[in-house]
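Structural features, examined
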Amino acid sequence: MIVSVITCNFMSCRGTSWYDEPKYIVYHDNLIELMKKCCKCGQPTSVDRVMRPSGCLVTFNITCLSRKCGHSKKWSNSPSRGRLPLLNILLAAVILFTGCLPTKILRAFNFLNIAVISPRTYFRLQKQYLHGVSELTNGNYFVKYCMSQVLVVRNPKSF
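The numbering scheme is per chain: residues are counted from 1 as the chain's sequence reads. At least 70 in pLDDT is required for a residue's local features to be given in this predicted model, at least 80 for side-chain atom pairs to be given and counted, and no such filter applies to totals for whole chains, interfaces and linings, which use all residues. Each side-chain value is worked out from all heavy atoms of the structure, with water and hydrogens disregarded.

1. Section: the pattern of salt bridges
Here, a salt bridge means any Lys or Arg side-chain nitrogen found within 4 Å of an Asp or Glu carboxyl oxygen. All told, the structure shown has 1 salt bridge when counted by the stated rule. The salt bridge partner of Glu33 is Lys36, with a shortest N-O separation of 3.5 Å. The buried label goes to any residue with under 20% of its type's maximum accessible area, the exposed label to any with over 50%, and the partly exposed label to all in between, with areas taken from a 1.4 Å probe on protein chains only. Taking the relative accessible area as the measure of exposure, Lys36 reaches 43% and is therefore partly exposed.

Have a look at this one:
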């Protein structure tokens, strides 16, 4: 079973799988700027980070400060399957299936101050979810195919 999400592409919305959807690197302040106004009434909001980032995942609570509206929302930058952020497993899969050295890739992201998984998390995800998938591909390292297999091969309850 492949998880589908809806993405808006400037003019139209289309359904795409979570690994096909475009992803962006965004500065923290620019992200907060998007959340400063309520999406329902346009009034100022309170934006609180729920917890420290978990690998690539960051989650915010957004609450409208208007007494009339009172709208609140929990926003995350990545869909999750159970407690596993899909962006974390996608990053681990890309590193593994492209043959890159994980410590170098993750260190480069850390130098840029981009929230990513730790080397320890990478090796745990690799062991738990990705080894069986890489064996199924018989040397064919197309990340898209491999990621579709992660959801097919692995028990969804294990995510």
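2. Details of the nonpolar core
Among the nonpolar cores identified, the biggest contains 18 residues, and Leu91, Leu106, Ile117, Tyr122 and Leu130 are the most heavily contacted of them. At the level of secondary structure, the elements contributing two or more residues to this core comprise α2 (86-98) and α4 (119-136). Note on conventions: DSSP H or I runs of at least 4 residues are helices, E runs of at least 2 residues are strands, and numbering of each starts at the N terminus. A total of 8 residues in this core trace back to one element, the largest contributor, which is α2. The contact rule is simple, with two residues in contact once any of their heavy atoms fall within 4.5 Å. Every residue in contact with Tyr122, bar those within four places of it in the chain, is listed here: Ala92, Ile95, Leu96, Pro102, Leu106 and Ile117. Within the second largest apolar cluster, 6 residues are counted, among which are Leu31, Ile32, Phe60 and Ile62. In plain words, nonpolar cores are sets of buried Ala, Val, Leu, Ile, Met, Phe, Trp, Tyr and Cys residues tied together by side-chain atoms within 4.5 Å.

3. What to know about the sheet that holds strand β3 (residues 45-49)
In short, DSSP must find at least two bridges between two strands for them to pair. Spatially, 3 strands are ordered β3-β4-β5 in an open sheet, and the strand pairing comes out antiparallel. Since the sheet does not close on itself, it has two edges, and those belong to β3 and β5 (72-76), each with one partner. Each adjacent strand pair in this sheet contributes to an overall mean axis angle of 20°, direction not counted. As paired strands, strand β4 (residues 59-64) and β5 are joined by 5 bridges and run antiparallel to one another. Note on β5: the bridge partner recorded for Thr63 is Ser72. Inter-axis angles, ranging from 0 to 180 degrees, are taken between N-to-C directions of lines fitted to C-alpha atoms, where helices are fitted over the stretch in contact. Packed on one face of the sheet, helix α1 (residues 28-35) meets β3, β4 and β5 and runs near 35° to β4.

4. So, the confidence of the model for the protein
Per-residue confidence for the protein gives a mean pLDDT of 77, with 72% of residues at or over 70. Low pLDDT, under 50, characterises residues 1-14; the stretch is placed with 28 contacts to residues that sit more than four places away or in other chains. Confidence of the predictor at the level of single residues is captured by pLDDT, which takes values from 0 to 100. Here residues 152-159 scores under 50 on pLDDT; set against residues more than four positions off or in separate chains, the count is 20 contacts.

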